[in-house]
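Here is what each chain is made of, one letter per residue.
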Amino acid sequence: GTKTETITTSLEEGLALVKKISSALKTDVRALLDNASSRTKALDDYVSLLQDYEKRVLQLQENLRAEIATLNTSFTAYVEKQASAEESFFAAFDVYDGAGAQDAFAVFTAAQEKAGTEKAYYKAFNLLDDLYTLALDTLAVRIKDITLNRAALLEGVQVVNIAGSDLDLILSEDELSQ
């Protein structure tokens, strides 16, 4: 496939994955468990799904960041080629070299077009990278939340935090690690 097909596939695949993750994160975990024949299996399957998404995003993000670096290098090369062709154009123009000016102009416009394309892909991939980072952060919080509250989720227990209560039924992460 062409570079454009590869980039289009990467964007489509990446955005489709982010959409699936967004949907999975909207899951009402308590309702999921309440409607399951086995609360343990339902919770384990859900966490496994989230962990699979996390692994896939990490893999795609690694590939994406390599592509971003390549695009940046390519963009820089095209900008340099564009600047060189511009100099050649004006040098040829100054000595009335029509063929030289025309050749330099063709190189200049081709480099300008390719630089613009590379810059657009670079920006799009950086946006996708930002989405991947957000997805990873959100997945990590959800997985940690379920892990630390597993017993309560499986029992279907909820705790209400009452202002002024001294029962300390809800712990902060810092208190839990002490």
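Residues numbered from 1 in each chain as written. Predicted model: local features only at pLDDT ≥ 70, side-chain atom pairs only at ≥ 80, totals over all residues. Heavy atoms only, no water.

Visitor: Is there a simple way to explain the overall build of the protein chain in this structure?
Guide: Across its full length, the protein chain carries 6 helices and 0 strands. Secondary structure of the protein chain in N-to-C order comes out as α-α-α-α-α-α. Against the 2.2 N^0.38 benchmark of 16 Å for 178 residues, the protein chain shows a C-alpha radius of gyration of 27 Å, more extended than a compact globule. Dimensions of the protein chain along its principal axes, counting C-alpha atoms only, are 90 × 40 × 25 Å. When each of the 178 residues of the protein chain is scored for burial, the buried share is 24%. (Helix = DSSP H or I, 4+ residues; strand = E, 2+ residues; numbered from the N terminus. Rg over C-alpha atoms; globule rule 2.2 N^0.38 Å. Buried < 20%, exposed > 50% of the residue type's maximum accessible area, 1.4 Å probe, protein only.)

Visitor: Before we go on, may I ask you to explain the packing of helix H3 (residues 39–94) against helix H4 (residues 98–148) in this structure?
Guide: Relative orientation and spacing of two packed helices are given, respectively, by the angle between their axes and the distance between those axes. Where H3 meets H4, the closest approach of the two axes is 6 Å, and the angle between their N-to-C directions is 160°. In terms of orientation, H3 and H4 fall into the roughly antiparallel class. Between H3 and H4 the crossing geometry is left-handed. Residue composition of the contact of H3 with H4, by class: 35 nonpolar, 10 polar and 10 charged. (Axes fitted to C-alpha atoms, helices over the stretch in contact; angles between N-to-C directions. Parallel < 35°, antiparallel > 145°, perpendicular 65-115°, else oblique. Left-handed = near helix turned anticlockwise from the far one by under 90°. Nonpolar A, V, L, I, M, F, W, Y, C, P; charged D, E, K, R; others polar.)

Visitor: Which parts of the structure should I look at to understand the nonpolar core?
Guide: In globular proteins that are soluble, nonpolar side chains generally tend to be buried together. Grouped together as the largest cluster of nonpolar side chains are 28 residues, with contacts concentrated most on Ile21, Val29, Leu50, Tyr132 and Ile146. Among the elements of the structure, helix H1 (3–25), helix H2 (29–34), H3 and H4 are those that each provide at least two residues to this core. By residue number, the principal contributor to this core is H3, which donates 11 residues. Apart from the residues within four sequence positions on either side, Leu50 is in contact with Ala24, Leu25, Leu139, Arg142, Ile143 and Ile146. (Core = buried A, V, L, I, M, F, W, Y, C linked by side-chain atoms within 4.5 Å. Contact = heavy atoms within 4.5 Å.)

Visitor: Quick question: what am I supposed to make of the pattern of salt bridges here?
Guide: For side chains bearing opposite charge, pairing can occur when the charged atoms are close. For the coordinates displayed, the defined rule picks out 5 salt bridges. Linking Lys41 and Asp45 is a salt bridge whose minimum nitrogen-to-oxygen distance equals 2.7 Å. In this pair, Lys41 and Asp45 both sit in helix H3, 4 residues apart, roughly one turn of the helix. Taking the shortest distance from any N to any O, the salt bridge between Asp129 and Arg65 comes out at 2.9 Å. With Asp129 in helix H4 and Arg65 in helix H3, the pair connects residues that are 64 residues apart, well separated along the chain. Exposure remark for Asp129: the relative accessible area of 9% places this residue in the buried category. Taking the relative accessible area as the measure of exposure, Arg65 reaches 44% and is therefore partly exposed. (Salt bridge = Lys/Arg side-chain N within 4 Å of Asp/Glu carboxyl O.)

Visitor: What is the right way to read a negative patch on the surface from this model?
Guide: A cluster of acidic residues, Asp166, Asp168, Asp174 and Glu175, forms a negative patch on the protein surface. Here Glu175 is to be found in helix H6 (residues 173–176). Residue Glu175 is classed as partly exposed on the basis of its relative accessible area, which comes to 41%. (Patch = residues over 30% accessible without salt bridge, like charges linked within 9 Å, V, L, I, M, F, W, Y side chains within 5 Å. Areas by Shrake-Rupley, 256 points an atom, 1.4 Å probe, with all protein chains shown as cover. Lys, Arg positive; Asp, Glu negative; His and termini not counted. Charge placed at Lys NZ, Arg CZ, Asp CG, Glu CD.)

Visitor: Got a minute to help me understand unusual backbone geometry in this structure?
Guide: One can expect most non-glycine residues to show negative phi and most peptide bonds to be in trans. At Tyr96, a position not held by glycine, the phi torsion is positive, near 60°. Relative to the helices and strands, Tyr96 is located in the loop between H3 and H4. Judged by relative accessible area, which is 77%, Tyr96 ranks as exposed.

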